[in-house]
Amino acid sequence: MPSGVSVRETVHVLVISELDSAQVAVVDRHLPLNRLDQTGDESTYLVGWVNGRPVAHARIAWSGTHLGLPEIQDMFVASDYRRRGIATALTVAAEAKARARGWAAMSLSVSQDKNPAARSMYNRRGYSAADAAPVPVSGLITLRGQTVEVDDTLIYMVKAL
Ligand SMILES: CC(C)(COP(=O)(O)OP(=O)(O)OC[C@H]1O[C@@H](n2cnc3c(N)ncnc32)[C@H](O)[C@@H]1OP(=O)(O)O)[C@@H](O)C(=O)NCCC(=O)NCCS
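Below or above, wherever it landed, is the structure these notes cover. Each chain carries its own residue numbering, running from 1 in the written order of its sequence. Given that this is a predicted model, residues contribute local features only at a pLDDT of at least 70 and side-chain atom pairs are listed and counted only at 80 or more, while totals for whole chains, interfaces and linings are drawn from all residues. The basis for the side-chain values is all heavy atoms of the structure; hydrogens and waters are excluded.

**What about the nonpolar core?**
Point 1. Ranked by internal contacts, the top residues of the largest apolar core, which has 33 residues, are Ile72 and Tyr122.
Point 2. Put simply, DSSP marks the helices as runs of H or I at least four residues long and the strands as runs of E at least two long, and each gets a number from the N terminus on. Only strand S2 (43-50), strand S3 (53-61), strand S4 (71-77), helix H2 (86-100), strand S5 (105-111), helix H3 (116-124) and strand S8 (146-160) provide two or more residues apiece to this core.
Point 3. Here this core takes 6 residues from H2, the largest share from any one element.
Point 4. Any two residues having at least one pair of non-hydrogen atoms within 4.5 Å are treated as being in contact. Each residue touching isoleucine 72, except ones within four places of it in the same chain, is listed here: Ala58, Arg59, Thr91, Ala94, Met106, Ser107, Leu108, Ser109, Tyr122 and Tyr127. We define the nonpolar core as a collection of buried residues of types Ala, Val, Leu, Ile, Met, Phe, Trp, Tyr and Cys that are connected through side-chain atoms lying within 4.5 Å of one another. Throughout, exposure labels follow a simple rule: accessible area from a 1.4 Å probe, protein chains only, divided by the maximum for the residue type, with under 20% read as buried, over 50% as exposed, and the rest as partly exposed.

Here is the structure:
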């Protein structure tokens with residue numbers, strides 16, 4: 001570097017790790033963890049960290065899924081960290097975990113017409129429509145103790161690993 005030139009850079013490195021019970025409180029302060037209370041299946045939450053702050057998560061359900069394949073659920077990236085490839089990186093990490101367990105395909109569901117951002121992200125990652133009928137979901141559901149009204153249609157997508 002030429003003398004007299006000073007460069008200050010902030011390096012943002014994304015670290016992805018499995019959520020452990022000791023981290024739940026801090027992640028919960030920043031992110032929704034919508035399916036944390038869900039029981040009846042085996043699952044793994046992946047959390048994306050930048051400079052010690054949890055900025056994104058995704059859940060992998062390993063059992064009890066609609067298509068009988070591992071399913072990515074509850075993908076969420078903090079609004080100030082979007083469009084930086086973080087959801088894509090979490091998807092790549094989830095796929096690697098599924099491959100390591102011997103699975104040959106990954107699945108997920110996405111709103112048929114209310115979430116073009118997520119559909120676009122998954123399309124770019126190689127997901128395409130599964131051979132399964134769209135699933136209408138409507139009524140009241142409970143997420144983390146809060147009642148939420150939903151009115152949507154989900155389509156299932158798959159990708160060979
Ligand atoms: C959808 C969501 C997970 C995307 O996360 P992200 O980290 O911003 O996604 P990425 O940066 O990996 O995006 C990869 C590609 O997907 C597409 N994409 C992502 N967000 C998009 C948007 N808002 N509009 C259009 N395309 C979008 C783009 O092609 C993008 O590539 P580019 O930035 O080079 O153009 C994020 O917006 C989010 O958390 N939304 C709220 C929760 C949600 O909808 N979860 C998904 C439920 S199925």
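Following the structure, the description resumes.
**Here's the deal with the pairing of S5**
Point 1. Burial of S5 is extensive: 6 of the 7 residues sit out of reach of the surface.
Point 2. Bridge count for S4 against S5 is 2 bridges, and the pairing is parallel. In the strand pairing of S5, isoleucine 72 is matched with leucine 108.
Point 3. Handedness of the S4-H2-S5 crossover: right-handed.
Point 4. Two strands make a pair as long as DSSP finds a minimum of two bridges between them. The pairing of S5 with S8 spans 7 bridges and is classified as antiparallel. Bridge pairing links serine 107 to valine 158 in S8. Every crossover in which the path from the first strand over the helix to the second runs clockwise, viewed with the strands pointing away from the viewer, is termed right-handed.

**Examining the site of the ligand**
Point 1. Here a residue is considered near a molecule or strand provided that any single heavy atom belonging to it is located within 4 Å of it. Around the ligand sit 18 residues, and of these Met75, Arg83, Gly85, Thr88 and Asn115 come closest.
Point 2. Here an oxygen atom of the ligand sits 3.4 Å away from a polar atom, N or O, in the side chain of serine 120.
Point 3. Only the protein chains shown count as covering a residue, and every accessible area follows the Shrake-Rupley method with a 1.4 Å probe. Contact with the protein chains covers 72% of the free accessible surface of the ligand, which is 900 Å².
Point 4. Those elements that provide at least two residues to the shell around the ligand are S4, H2, S5 and H3.
Point 5. At 5 residues, the largest contribution of residues to the shell around the ligand is made by H3. N or O atoms closer than or at 3.5 Å make up a polar contact, with two conditions inside protein: a donor-capable atom paired with an acceptor-capable one, and, for residues adjacent in sequence, both atoms drawn from side chains.

**Quick look at the pairing of S2**
Point 1. Buried residues dominate S2, accounting for 7 of its 8 residues.
Point 2. Pairing of strand S1 (residues 14-18) with S2, which is carried by 5 bridges, proceeds in the antiparallel orientation. Within S2, the position partnered with leucine 14 by the bridge is valine 50.
Point 3. Strand direction decides the pairing type here: S2 and S3, joined by 8 bridges, are antiparallel. The partner of threonine 44 across the bridge, within S3, is isoleucine 60.
Point 4. Hairpin connection between S2 and S3: a loop of 2 residues separates the two successive antiparallel strands, and asparagine 51 in this loop has a positive phi of roughly 50°.

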